[in-house]
Amino acid sequence: MEHNPSLFAEAALESPIDLAVALALPASPGHFDEFHGATTAPAASAPQSAKPVQRAALQMAGAIPVAAAPSAEKAASKSIPDAAADLAPGWTRFFSYLGGKGFEDLNHRSDNLQRQIRDNGVTYNVYADADGPQRPWSLDLFPMILSAGEWAQIDAGVRQRVRLLNHVMADVYGPQQLLSLGLLPAALVQGHPGYLRAMHGVRPAGGTFLHIAAFDLARGPDGRWWVVSQSTQAPSGLGYLLENRLAISRLFPQAFREMKVQRLAASYKTLIDGMKAQCPCDPGQDSRIVLLTPGPYNETYFEHAYLARYLGLTLVEGSDLLVRGDRLFLKTLQGLEPVHGLLKRLDDEFLDPLELRSDSTLGVPGLLQVIRAGHVLVANAPGSAFLESSALLGFLPALSRHLLGEPLALPSLATWWCGEQAALHEVLPRLKDCVIKGTYPGSATESVIAQMLPRRQLDEWAGRIVRHSEDYTVQAYLPLSQTPTWQGERIAPRSTMLRVFAVADGKGSWQVLPGGLARLAGPNNKIASMQQGGSSADVWALAEDGAPPQTTAAESVEKKAPTETVAQPAPPLARHKPTVTSRAAENLFWLGRYTERTENAIRLAQLTLQSLSGEDQSSQPLLAWLSELAFRNGLVLDSVPPATQARRVFERSLIAGLIDTDKAASVGYNLRSLKSAASAVRERLSQEQWHVIVRAEEDFFRHCKAFSGPDHPATQALEYSSVEALRALESASSFLAAMTGAQTDRMTRDDGWRLLSTGRHIERLNTLAAALILGFETGAVHDAGGFDAIIALFDSTITFHAQYQQQREVPAMLDLLVLDRDNPRSLGWVTQTLSGRLGKLGHNTAATTQQVPGLTSALPDPGSWLLADLCTAAPGTPDSQRYDRLLAQLEQCCSAAFELSDSISRRYFSHAASGEHSLGA
């Protein structure tokens, strides 16, 4: 990122703090400035009519006559007179720990941050994004800083609120006294589509309704924090805020350590420990908790995979689960295993197609019955969607006094549900100074800031509200506080919302994650939304003075115990074997197949292009062999003349088809399919491995588009450069080598890995055996150029020359490519390895010893192959048929590969032979 060096001439200033003040742009008038800890003086022309609305907001929220917190009173009475005003204490400390290079290093850190986000594959899917379903997560360089006193107020207020919401939900699905007493309108609760009548009278396993709750807070011009909304169905952000913390703490390690930022890890452990404590499993039985995701196309799928990996949970989709006898089971390679806890990441309406949305393919048929039977804990309990209605905020002050006997510590923004006539008449005159929202989900109404509307549109909205009053909720407008962000050369303020999370501890109380997720508005500085071009920031909640310095995630290592300490016996380890679901197993199997298929396609394309321009380009057997292989492997359409008839036409067609994603065998199609299979098991892949997969696809398409014409699809390319195509293929081959290394050396040898390896070897067995058959049919094995090309396709050129020098005899070829069980590209090694993988897979799964031979029985036994038999004719047959027995063995290899693939799919993926599986204990 380029910057003006003159702006960073620190030598001309006294300190980094002076430079920070000089580079900072002022916050918008009337907004609280987090950078200075005070409110920016309003413009002289700013309307003063908002003051009565603000006071009404305080009264509605129950915050008057409650005294404001000292910090809020101070902030409200202080305004910033000029740009040189003192910084907030937290920011003063932050800039004092920038390090030797100070501001000159910020752009470098920002570039490193963007690279880290990209390399880690942190994405946020946007359905309406024209550039594709995924985009990199947006994270600002500067954190949002909260003092210990501010955080203590937020912590207490959020704990109180989640306790209150849990009480409300328990009453609504229980005695419903709040409805009887009129403290909650029945129309607002029972008329809400998120109220589930099927859950009335059901007490969830463990007794806790809300295990996770998120609250969106905003700081007003008076310095006070206000609750704007709450999320209870499947609150998002727990994974992103952890990734934010890891990234920012590494960029500012000294500031993070010396400012005593509170850590996050303990809260995640509290969540899992609390769920385990309440799971309905038999005494002495380990509870199995899974994380339910809608799948890779969900906007926050990265977070689902990230959380599952971090928490040690199995990531599942609805199709992975099955209900039998009022109990929930997970479909695994070991059979059906019981599930005791479900951390769900999808909204309630999609959970059970039998009782909720019948068109849902994301949920589990019969799940609600399992919940009613008390046989599974679900976080959160279904039916909490009505708590997310903005209209509920207006009733919480009275509910808090009734249920808890105390006023709200954190006030809600003043809210009027227009379904009540009194509220409707009260809010219509002040509609200009409010925000209009839909009461129920699915409403076409997004948040509308009324003061931005012309008079005619405002009158139209008032008419809609009067005609359909219960569908609308009106909320007081609050100018959002603005936090500093780094914009390359300036410190620019951005309006911000703070999302704070509370998690249940399993003992009837809740913990608040120290910090949270700050959502920043885009350049318009109006709405803090990731879907509307916003960004995010880490949130540093500082500890009280006297607390020990914190360490960054990278610096967190266990300290050595004193040498004189008496050694204590190690506690027994609770080792849990990772579960491989049938869906994950299938995706791993196809990840292996697409990896091998892509590698074979790349090697064949390289070999073909090199041969068409090499010294053997006139060899008819070689060209016939390459043409037939390209046709059969889908690299060239069979309507194209073969290379023996039109060599250049064939070459152009091959190059044009490299990135044709409509062809199910092109290199581009296979790379994209490889990435798709990998994305479905992303929680099982390291960040480095995923990064290689993403880079491979991006790099190949970028190279190919460069030589195939920028404005034309590959099938209508203007330029066909074999040199550029070979360069793209070479780059892709390097990425495939890295993938192979990661799959071989960086994955645990569990049943999922065995299926990945099996998929690769099935693909290799079929491709290479078929290629060798064609070599004999076209006569390429008897041609010097064809002979070398076959050895090259088997990736055995170096080994062949080392063992046989310049011999070009068929027996030598067969010895290396068919019989040599030390050569990983030989058919003998592949069949032997397949038998071993399947034998170990059968031993670990529910298959019996009688069933394992059923999978491997179709495979030929390489131990029975003899070179003499493969190179001589059978007794009584002419010498012209000397390789018939070899060709029969090769045909058996091809048919065995197809049969084995089908058998594995039936047994482990589709569960067509369900009787072969036992129920997990």
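Structure shown above.
Residues numbered from 1 in each chain as written. Predicted model: local features only at pLDDT ≥ 70, side-chain atom pairs only at ≥ 80, totals over all residues. Heavy atoms only, no water.

### What about the overall build of the protein chain?
So, step 1. Across its full length, the protein chain holds 30 helices and 22 strands.
So, step 2. By the burial criterion, 56% of the 921 residues in the protein chain qualify as buried.
So, step 3. Across the protein chain, contacts joining residues at least 24 apart in sequence account for 73% of those joining residues at least 6 apart.
So, step 4. Within the structure as shown, the protein chain displays about 38400 Å² of accessible surface, and the carbon and sulfur contribution to it stands at 52%. (Helix = DSSP H or I, 4+ residues; strand = E, 2+ residues; numbered from the N terminus. Buried < 20%, exposed > 50% of the residue type's maximum accessible area, 1.4 Å probe, protein only. Contact = heavy atoms within 4.5 Å. Areas by Shrake-Rupley, 256 points an atom, 1.4 Å probe, with all protein chains shown as cover.)

### Brief notes about the packing of helix H17 (residues 582-612) against helix H22 (residues 722-745)
So, step 1. Where H17 contacts H22, the two axes come as close as 10 Å, and the packing angle between them is 150°. It follows from the interaxial angle that H17 and H22 lie roughly antiparallel. Helix-helix and strand crossings are classified by hand; for H17 and H22 the assignment is left-handed. Here Leu591, Thr595, Thr598, Glu599, Ile602, Ala605, Gln606, Leu609 and Gln610 of H17 come into contact with H22, specifically with Ala725, Leu726, Leu729, Glu730, Ala732, Ser733, Leu736, Thr740 and Gln743.
So, step 2. Looking at the contact of H17 with H22 residue by residue, the classes come out as nine nonpolar, seven polar and two charged. (Axes fitted to C-alpha atoms, helices over the stretch in contact; angles between N-to-C directions. Parallel < 35°, antiparallel > 145°, perpendicular 65-115°, else oblique. Left-handed = near helix turned anticlockwise from the far one by under 90°. Nonpolar A, V, L, I, M, F, W, Y, C, P; charged D, E, K, R; others polar.)

### Focus on the nonpolar core
So, step 1. Among the nonpolar cores identified, the biggest contains 107 residues, and Trp625, Phe700, Leu772, Ile790, Leu814 and Ile904 are the most heavily contacted of them.
So, step 2. The biggest single contributor to this core is H17, with 13 residues.
So, step 3. With residues near it in sequence (within four places) discarded, Ile904 still touches Phe589, Leu755, Thr758, Ile762, Leu838, Leu855 and Phe909.
So, step 4. Of all hydrophobic cores here, the second largest spans 70 residues; its members include Val158, Leu399, Leu404 and Tyr440. (Core = buried A, V, L, I, M, F, W, Y, C linked by side-chain atoms within 4.5 Å.)

### Points about the layout of surface pockets
So, step 1. Approximately 1200 Å³ is the volume attributed to the second largest pocket.
So, step 2. Taken together, 41 residues form the lining of the second largest pocket, with Gly312, Thr314, Lys577, Pro578 and Thr579 sitting closest to its centre.
So, step 3. Broken down by secondary-structure element, the contributors of at least two residues to the lining of the second largest pocket are helix H11 (265-278), helix H12 (301-311), strand E8 (314-316) and strand E11 (335-338).
So, step 4. The leading source of residues in the lining of the second largest pocket is H11, at five residues. (1 Å grid on protein atoms, 1.4 Å probe; cavity = no way out; pocket = protein on both sides within 12 Å on 5 of 7 lines; lining within 4 Å. Points joined across faces, edges and corners; volume = space filled by probe spheres on them.)

### Thoughts on the environment of Leu311
So, step 1. Tracing the chain through its elements places Leu311 in helix H12.
So, step 2. Linking Leu311 and Val290, residues 21 residues apart in sequence, is a C-alpha distance of 9.9 Å.
So, step 3. Apart from residues lying up to four places away in sequence, Leu311 is in contact with Tyr268, Ile272 and Leu343.

### Things to note about the sheet that holds strand E15 (residues 434-438)
So, step 1. Pairing within the open sheet is antiparallel, and its four strands lie in the order E14-E17-E15-E16. Bordering the open sheet on either side are strand E14 (415-417) and strand E16 (448-449), each of which pairs with just one other strand.
So, step 2. Strand direction decides the pairing type here: E15 and E16, joined by two bridges, are antiparallel. Its bridge partner being in E16, Ile436 is matched across the sheet by Val448.
So, step 3. Across the face of the sheet, helix H16 (residues 455-467) comes into contact with E15, E16 and strand E17 (472-476) while running at roughly 130° to E17. (Pairing = 2+ DSSP bridges.)

### Focus on the pairing of E17
So, step 1. Counting buried positions along E17 yields five of five residues, so the element is predominantly enclosed.
So, step 2. Burial of E17 is two-sided: the residues Tyr472, Val474 and Ala476 facing one way and the residues Thr473 and Gln475 facing the other way are all buried.
So, step 3. Here E14 pairs with E17 via three bridges, running antiparallel. In the strand pairing of E17, Trp416 is matched with Val474.
So, step 4. Sheet topology note: the E15/E17 ladder contains five bridges and is antiparallel. By the bridge assignment for E17, Lys437 is matched with Thr473.

### Considerations on the pattern of salt bridges
So, step 1. In the structure shown here, the tally under the stated rule is 38 salt bridges.
So, step 2. Across the pair Glu258 and Arg257 runs a salt bridge, and its minimum N-O distance is 3.7 Å.
So, step 3. Accessibility expressed as a relative area gives 24% for Arg257, which makes it partly exposed.
So, step 4. We note a salt bridge from Glu337 to Arg288, for which the minimum N-O separation is 2.4 Å. Placement of Glu337 in strand E11 and of Arg288 in the loop between H11 and strand E7 (289-292) is noted, with a sequence separation of 49 residues between them. (Salt bridge = Lys/Arg side-chain N within 4 Å of Asp/Glu carboxyl O.)

### Observations concerning unusual backbone geometry
So, step 1. With an omega of 0°, the peptide bond running from Ala379 to Asn380 counts as cis.
So, step 2. Note that Asn380 resides in the loop between strand E13 (377-379) and helix H14 (396-403).
So, step 3. Located in the positive-phi region is Gln176, a residue other than glycine, with phi close to 60°.
So, step 4. Along the chain, Gln176 turns up in the loop between helix H6 (148-172) and helix H7 (177-180).
So, step 5. Owing to a relative accessible area of 15%, Gln176 belongs among the buried residues under this scheme.
So, step 6. The backbone of Asp795 sits at a positive phi, close to 55°, despite the residue not being glycine.
So, step 7. Residue classification places Asp795 among the partly exposed residues on the basis of a relative accessible area of 46%.

### Observations regarding the packing of H11 against H12
So, step 1. Running from N to C, H11 and H12 point in directions that differ by 85°, and their axes come no closer than 11 Å. Judged by the inter-axis angle, H11 sits roughly perpendicular to H12. Along its contact with H11, which presents Ala265, Tyr268 and Ile272, the element H12 presents Leu307, Tyr310 and Leu311.
So, step 2. Of the residues belonging to the contact of H11 with H12, the class tally is six nonpolar, no polar and no charged.

### Side note on H14
So, step 1. Taken residue by residue, H14 has Leu396, Pro397, Leu399 and Ser400 as its buried positions. The buried residues of H14 occupy an angular sector of 165° when projected down its axis, which confines them to one face.
So, step 2. Within two residues after H14, Gly405 carries a phi angle of roughly 70°, on the positive side. (Arc of directions from axis to C-beta.)

### With respect to the side chain of Thr300
So, step 1. Looking at where Thr300 falls in the secondary structure, it is placed in the loop between E7 and H12.
So, step 2. Ignoring anything within four residues of it in the chain, the contact list for Thr300 reads Tyr124, Ser236 and Tyr240.

### A look at the pairing of strand E21 (residues 517-520)
So, step 1. Burial of the side chains of E21 extends over both faces: Leu517 and Arg519 are buried on one face and Ala518 and Leu520 on the other.
So, step 2. In this sheet, strand E22 (residues 535-541) lies alongside E21 in antiparallel orientation, the contact comprising four bridges. The residue bridging Ala518 from the neighbouring strand is Ala537, located in E22.

### Things to note about the packing of aromatic side chains
So, step 1. Evaluated as defined, the whole model comprises 29 aromatic pairs.
So, step 2. Aromatic ring contacts, followed pair by pair, group Phe35, Trp91, Phe94, Phe95, Phe103, Phe142, Phe252, Phe256, Trp486 and Trp540 into a single cluster.
So, step 3. When the ring centre of Trp226 is taken as origin, the NZ or CZ atom of Arg224, which lies over that ring, is 6.0 Å away.
So, step 4. Against the face of Trp753 rests Arg749, its NZ or CZ located 4.2 Å from the ring centre. (Phe/Tyr/Trp six-rings, centres within 6.5 Å; stacked < 30°, edge-to-face > 60°. Lys NZ or Arg CZ within 6 Å of the ring centre and 35° of its normal.)

### Quick look at helix H1 (residues 16-23)
So, step 1. Residues Leu19, Ala20, Val21 and Leu23 constitute the buried set of H1.
So, step 2. Those residues of H1 hidden inside the fold are in contact with helix H4 (89-96), strand E18 (482-486) and strand E19 (491-504).

### Quick look at the sheet that holds E7
So, step 1. Strand order in the open sheet made by the four strands is E8-E7-E12-E13, with parallel pairing throughout. Two strands lie at the open edges of the sheet, namely E8 and E13, each paired on one side alone. Sheet twist, expressed as the mean angle between neighbouring strand axes with direction ignored, is 25°.
So, step 2. Sheet analysis places strand E12 (residues 341-344) next to E13, joined by three bridges and oriented parallel. When the sheet's bridge partners are listed, Leu343 is paired in E13 with Ala379.

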